[in-house]
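Chain residues, written in single-letter form:
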Amino acid sequence: MKKAVFFDIDGTLWDRQMHVPESTVNAIRRLRENGSYAFICSGRTRSNISTKELMEAVGFDGIIAGCGTHIEYQGKTVFEKRLTKEEVNRFLSVSARMGLPVVLEGPSCLYADIEEFRDDPFILRLKELLGETFLSLMEFEHVNKFTVNWKNGSKEEILREFSGEYELMFHGDTYIEGVPKGFSKASGIKWLCDYLQIDRKDTYAFGDSVNDLEMLRYVQNGIAMGNATEEAKKAADYVTATVNEDGIYRGLKHFSLI
């Protein structure tokens, strides 16, 4: 049976400067040459995943994007979960009442009122990178998930308002990542493995952050990067080196995948 390896992007495939180490590129190429699948498995929606830098430069068999809400195999979309317009409008209404700046994330575009993020260098940089595919909030069409800046909000109120409909992941004291209830990187992996008839015992995943926890626990062999959060390291079966210390190469080597 073919083995399948799933890779987070930020803090795993590339560092804070969005640089993919040459050892990672070579390791994943060898992984595929040896007959295993390699998949991106990211919290980013498809609109925010660079085909040129990742799909072409590194080479993957497919993508699980948006925490399991969008799945591609060999360049074709095989699964999609979108929020309805009614769901999005209800979410926006409550967020506005609570004074929470929102980024809606879809397969083709991201949407936000950029004025609400004028003091947020991360979102401003994202708008710069995405250009024409970063649109205003009211132009939203297809939405898989969302990100909220909650630094001026109440965690208890946010949980009360949204946790019934969404899986909420708190990234420190600034951002909340929200996906439809029941969806995660782990749910995406399960769907794709069922689709390709891959046995769970033949699954591996590399991650570093809070939205990787379910993925690391679900696969047979969860691998945390050396730069991962302590929570991610505890969820993993093995801790490899950091991104820039050949962590991917060393992890694949440890499990005799290359």
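Notes on the structure follow. (Residues numbered from 1 in each chain as written. Predicted model: local features only at pLDDT ≥ 70, side-chain atom pairs only at ≥ 80, totals over all residues. Heavy atoms only, no water.)

## Side note on helix H3 (residues 85-98)
Defined as follows: To qualify as a helix, a DSSP run of H or I must reach at least 4 residues; to qualify as a strand, a run of E must reach at least 2; elements of each kind are numbered from the N terminus. In this scheme, a helix's expected span is set at 1.5 Å multiplied by one less than its residue total. Buried means the residue's accessible area, taken with a 1.4 Å probe over protein chains only, is under 20% of the maximum for its type, while exposed means over 50%, and partly exposed covers the values in between. Contacts are assigned to residue pairs with any non-hydrogen atoms lying within 4.5 Å of each other.
The terminal C-alpha atoms of H3 lie 20 Å apart, and with 14 residues this matches the ideal 20 Å at 1.5 Å per residue to within 8%. Restricting attention to buried positions, one finds in H3 the residues Val88, Phe91, Leu92, Val94, Ser95 and Met98. Residues of H3 that are buried in the fold lie against strand E6 (102-105), strand E9 (145-149), helix H5 (155-162) and strand E10 (166-171). Count one or two residues on from H3 and you reach glycine 99, which has phi positive near 70°.

## Concerning the side chain of asparagine 211
Test applied: For this analysis, a polar contact is any N or O atom pair within 3.5 Å, provided that within protein one partner can donate a hydrogen and the other can accept it, and provided that sequence-adjacent residues contribute only side-chain to side-chain pairs.
Structurally, the position occupied by asparagine 211 is in the loop between strand E12 (203-207) and helix H7 (213-218). Since its relative accessible area comes to 12%, asparagine 211 is described here as buried. For asparagine 211, the side chain forms a polar contact with the side chain of lysine 185, separated by 3.3 Å. Excluding residues that lie within four positions of it along the chain, asparagine 211 makes contacts with Gly43, Cys67, Met169, His171, Glu177 and Lys185.

## Details of the sheet that holds E10
Put simply, the test is: Pairing between strands requires that DSSP locate at least two bridges from one strand to the other. Structural elements are reduced to axes, namely lines fitted to C-alpha atoms, with helices fitted over the stretch in contact, and the angle between N-to-C directions of any two is expressed from 0 to 180 degrees.
With respect to topology, six strands assemble into an open sheet ordered E8-E7-E6-E9-E11-E10, the strand pairing being mixed. The open sheet terminates on both sides in strands that have one partner only, identified here as strand E8 (134-135) and E10. The strands that H3 touches are E6, E9 and E10; relative to E6, the one it contacts most, it runs at about 165°.

## Considerations on the sheet that holds strand E13 (residues 221-224)
Overall, mixed pairing links the eight strands, which are arranged E5-E4-E3-E2-E1-E12-E13-E14 in an open sheet. Either end of the sheet is taken by a strand with one partner, and the two such strands are strand E5 (76-80) and strand E14 (238-239). Bridge analysis of E13 against E14 gives two bridges, and the strand direction is parallel. In the strand pairing of E14, alanine 224 is matched with valine 239.

## Re the packing of H3 against H5
Put simply, the rule is: By definition in this entry, angles of less than 35 degrees are roughly parallel, angles greater than 145 are roughly antiparallel, angles of 65 to 115 are roughly perpendicular, and the rest are oblique. Crossing handedness is defined as follows: a turn of the near helix away from the far one that is anticlockwise and smaller than a right angle gives a left-handed crossing, while the clockwise case is right-handed. In the scheme used here, Gly and all other residues not listed as nonpolar or charged are polar, with Ala, Val, Leu, Ile, Met, Phe, Trp, Tyr, Cys and Pro taken as nonpolar and Asp, Glu, Lys and Arg as charged.
In the contact formed by H3 and H5, the axes pass within 11 Å of each other and the chain directions differ by 160°. It follows that H3 is roughly antiparallel to H5 by the angle criterion. The way H3 lies across H5 gives a crossing that is right-handed. Residue-level contacts link Phe91, Val94, Ser95, Arg97 and Met98 of H3 to Glu157, Ile158, Glu161 and Phe162 of H5. Partitioning the contact of H3 with H5 into residue classes produces five nonpolar, one polar and three charged.

## A few points about the state of the cysteines
To be explicit about the condition: We call a pair of cysteine sulfur atoms a disulfide when they lie within 2.5 Å.
Tallied over the entire structure, the rule returns zero disulfides. Sulfur of cysteine 109: no disulfide; nearest cysteine sulfur belongs to cysteine 67 and is 19 Å away.

## Details of helix H6 (residues 185-196)
Test applied: What the arc measures is the spread of directions leading from the helix axis to the C-beta atoms.
Compared with an ideal rise of 1.5 Å per residue, which puts twelve residues at 16 Å, H6 spans 16 Å between its outermost C-alpha atoms and is within 8% of the ideal. For H6, the complete set of buried residues consists of Lys185, Ala186, Gly188, Ile189, Leu192, Cys193 and Leu196. End-on, the buried residues of H6 take up no more than an arc of 155°, which puts them together on one face. Looking at the packing, one finds that the buried side of H6 touches strand E1 (4-7), strand E2 (37-41), strand E3 (62-65), strand E4 (70-73), E12 and H7. With a side-chain oxygen lying 3.2 Å from the backbone nitrogen of alanine 186, the N-terminal cap of H6 falls on serine 184. Glutamine 197 lies just past H6 and shows a positive phi near 55°.

It is worth stressing that arrangement in space is one thing and function is another; only the former is reported here.
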